Amino acid sequence: MNADQLLNEIREANLSYLLLAQRLIREDRAEAMFRLGISEEIANVVAGLSMAQVLKIAASNMLMCSFRFSEAMVWNLLTSHSKDADISRMHASLLMANAPVAVAA
């Protein structure tokens, strides 16, 4: 994959993520904030972006979304293939519910 292809894929991911985030926030703000791991302040900013602003932000060469799971334990719980996989995923969800949200700097 060359650099241009990589940048195009980052831009597509950014656009998809921002449009999904806006839709989630508009449909159910509290659930969106939980699922996206963002604060009320960031939810307000994302929800208020115009299409021109979304396109400008999406065109960045930096990925807007990031992995929320910074602990190996959460990854291990999510990828568990044991007979208790459902319990493992539920445990991971509970751990993430207590994780701090992203806040505007």
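Just so you know, these numbers come straight off a predicted model, no measurement behind them.

Visitor: Even after reading the chapter, I still don't get the nonpolar core, so can you show me in this structure?
Guide: If you look at soluble globular proteins, the nonpolar side chains tend to sit buried side by side. By size, the foremost hydrophobic cluster in this structure holds ten residues: A21, I25, A32, M33, L36, I38, I42, A43, V46 and A47. For this core, the secondary structure elements donating two or more residues are helix 1 (3–27), helix 2 (29–36) and helix 3 (40–47). If you tally residues by element for this core, the top one is helix 3, at four residues. The contacts of V46, once residues within four sequence positions are left out, are A21, Q22 and I25.

Visitor: In this structure, what is going on with a nonpolar patch on the surface? I would like to understand it.
Guide: Taken together, L19, M51 and L55 make up a surface patch of nonpolar side chains, about 270 Å² in accessible area. Along the chain, L19 turns up in helix 1. Given a relative accessible area of 35%, L19 falls into the partly exposed group.

Visitor: I would appreciate a short explanation of helix 1 in the present structure.
Guide: An ideal rise of 1.5 Å per residue puts 36 Å on 25 residues; helix 1 measures up with 36 Å between its terminal C-alpha atoms. For helix 1, the full list of buried residues reads I10, N14, L18, A21, Q22 and I25. As for helix 1, its buried residues are in contact with helix 2, helix 3 and helix 4 (51–58). Near the N-terminus of helix 1, the side chain that reaches the backbone nitrogen of D4, with its oxygen 3.0 Å away, is that of N2.

Visitor: In this structure, what is going on with helix 3? I would like to understand it.
Guide: Residues spaced three or four apart along an α-helix face the same direction, because each turn holds 3.6 residues. Restricting attention to buried positions, one finds in helix 3 the residues I42, A43, V46 and A47. All buried residues of helix 3 lie within an arc of 130 degrees about the axis, which places them on one face of the element. Residues of helix 3 that are buried in the fold lie against helix 1 and helix 2.

Visitor: What's the story with the side chain of N14 in this structure? I'm lost.
Guide: Summarising the element assignment, N14 is placed in helix 1. Looking at N14, the relative accessible area reads 0%, which means it is buried. Every residue in contact with N14, bar those within four places of it in the chain, is listed here: I57, A58, S60, M62, L63 and M64.

Visitor: Please explain the pattern of salt bridges as it appears in this structure.
Guide: Evaluation of the coordinates by the stated rule reveals three salt bridges. R23 is the partner of E27 in a salt bridge, and the nearest nitrogen-oxygen pair spans 3.5 Å. Of this pair, E27 and R23 both sit in helix 1, four residues apart, roughly one helical turn. Relative accessible area serves as the criterion here: at 59%, E27 is assigned to the exposed category. You can call R23 partly exposed: its relative accessible area is 48%. Salt-bridge contacts for R35 lead to E31; the nearest nitrogen and oxygen are separated by 2.7 Å. Of this pair, R35 and E31 both sit in helix 2, four residues apart, which is roughly one turn of that helix.

Scoring rules and cut-offs
Residues numbered from 1 in each chain as written. Predicted model: local features only at pLDDT ≥ 70, side-chain atom pairs only at ≥ 80, totals over all residues. Heavy atoms only, no water. Core = buried A, V, L, I, M, F, W, Y, C linked by side-chain atoms within 4.5 Å. Buried < 20%, exposed > 50% of the residue type's maximum accessible area, 1.4 Å probe, protein only. Helix = DSSP H or I, 4+ residues; strand = E, 2+ residues; numbered from the N terminus. Contact = heavy atoms within 4.5 Å. Patch = residues over 30% accessible without salt bridge, like charges linked within 9 Å, V, L, I, M, F, W, Y side chains within 5 Å. Areas by Shrake-Rupley, 256 points an atom, 1.4 Å probe, with all protein chains shown as cover. Salt bridge = Lys/Arg side-chain N within 4 Å of Asp/Glu carboxyl O. Expected span 1.5 Å × (residues − 1). Polar contact = N/O pair within 3.5 Å; in protein donor to acceptor, adjacent residues only side chain to side chain. Arc of directions from axis to C-beta.

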